[in-house]
Amino acid sequence: MKKGLLSLITVFLSAMAFAQNCSKPFISEYVEGWSNNKAIEIYNPTNAAIDLSEYFLQRYSNGSTTASAQGSIEAKTVQLTGTLAPYSALVFVVDQRDPLGTGQDAPIWDSLEVIADYFLCPVYEENNVMYFNGDDAMLLAKGLATNPNAPTTVVCDVFGKIGQLPGNFTNQGAWTTVAPYTMTVTPGWTLTGASGTMFDPNNAANVAVTADHGMIRKSTIQVGDLTPVNDFNPLAEWDTIPAVIPRTDTQGNIVYQVDGVTPQWLGNWESLGYHNCNCAPAAIEEITLSDVTVFPNPTNGSFFLKNVENVVAVKIVNALGQEVKSVRNNASSVLSIDLDGKSGVYFVKLTAKDGQTTTRKVIVK
């Protein structure tokens, strides 16, 4: 075992002894979109504000067991910034906003830029933490980015498996849905579907989900993952959605580019900027929408929205961003919704009388 990984595991073991639910910030959403459309959302599950300048992100690229400190050439560690309010989330995005940028400096899409709270790593050669791909492990820890291996470092969360390169298909690997959750299990991976999802032709259930996807932490997760050397099962703690979706017209038909073949792609960022977590008290969210609850959740397709007397409109979209149902409300306190048993992840967008909005996630099994 390499010395770098041994030192890291020692830090992890120390952190695990003190890991308690709802006690430390963790990664609540991971967006690995096309080109430079990369985002990391961090959630505060505690009842006190957190100074994120005391925390850092690290990128362990292509199966590496080490991540160079901030200040190194092409550093793989970056200090964060901002104050994270209780039971709230902040979104960190690659700082590439020049519309004339090309290649490594290609601009992020406008739809992602407007959601970002903070921008990081404007120069790849100086620091490339936020230029991760679907085969890079990401770590969140409390400490100094200039000295990430200090004994005082406290690990808060890990996405992926440090030290593992989960396959390499057209120079992009990913963790998958079937154990051992790597594309190296069987050869012959192929691209299928409008968004280029990677599938295993020998096992239809095995799909790459950490490349060209968004990963949303399940609401039941109350503490970060502190097991960097165990196999990384993406769906154990995460829901997955495509990072991009085709634009559709009012009839639900795909809108194509001038060639009549290529869809007009949209960023699937709807879920960034907020996070549903069981750590949050029942009445901590938006003022007029604080008491809205969804039950049962998960569901077989039918569910209720309770305490919605202040809600005037409900719109439900699927993981592709497509609207599947729209409901108007006339001061009823309870609404019944039926999605016809179609399994998947859905987002229930609620609009109140005063114009405030909020979103709830529903899982149909």
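Residues numbered from 1 in each chain as written. Predicted model: local features only at pLDDT ≥ 70, side-chain atom pairs only at ≥ 80, totals over all residues. Heavy atoms only, no water.

*Asks:* Describe the sheet that holds strand β1 (residues 26-32), naming the residues involved and giving the relevant values.
*Replies:* Judged by pairing direction, the sheet is mixed, and its 6 strands sit side by side in the order β8-β7-β2-β1-β14-β15 without closing on themselves. In the strand order of this sheet, the two ends are held by β8 (118-120) and β15 (238-242), each with one partner. When the angles between neighbouring strand axes are averaged without regard to direction, this sheet yields 25 degrees. When strand β14 (residues 213-217) meets β15, the two strands line up antiparallel, connected through 5 bridges. (Pairing = 2+ DSSP bridges. Helix = DSSP H or I, 4+ residues; strand = E, 2+ residues; numbered from the N terminus. Axes fitted to C-alpha atoms, helices over the stretch in contact; angles between N-to-C directions.)

*Asks:* Would you mind going over the packing of aromatic side chains in detail, with residue names and values included?
*Replies:* Aromatic ring pairs are defined here through the distance separating the ring centres and the angle between the ring planes. Tallied over the entire structure, the rule returns 11 aromatic pairs. Look at tyrosine 30 and phenylalanine 159: their rings are 3.9 Å apart centre to centre, the planes differ by 20 degrees, and that puts the pair in the stacked class. A residue pair is termed long-range when its members are at least 10 positions apart, and tyrosine 30 in strand β1 and phenylalanine 159 in strand β10 (residues 154-159) qualify at 129 residues. There is no split in this pair, since tyrosine 30 and phenylalanine 159 are both buried. Here tryptophan 109 and tryptophan 269 contribute two aromatic rings whose centre-to-centre distance is 6.2 Å and whose plane-to-plane angle is 65 degrees, an arrangement assigned as edge-to-face. Note that tryptophan 109 is positioned in the loop between β7 (89-94) and α2 (110-113) and tryptophan 269 in the loop between β17 (265-267) and β18 (293-295), a separation of 160 residues in sequence. Look at tryptophan 109 and you get partly exposed, because its relative accessible area is 26%. Feature note: the residues Tyr30, Phe132, Phe159, Trp175, Phe232 and Trp238 constitute an aromatic cluster, connected by ring pairs. (Phe/Tyr/Trp six-rings, centres within 6.5 Å; stacked < 30°, edge-to-face > 60°. Buried < 20%, exposed > 50% of the residue type's maximum accessible area, 1.4 Å probe, protein only.)

These values are about where atoms sit, not about what they do.
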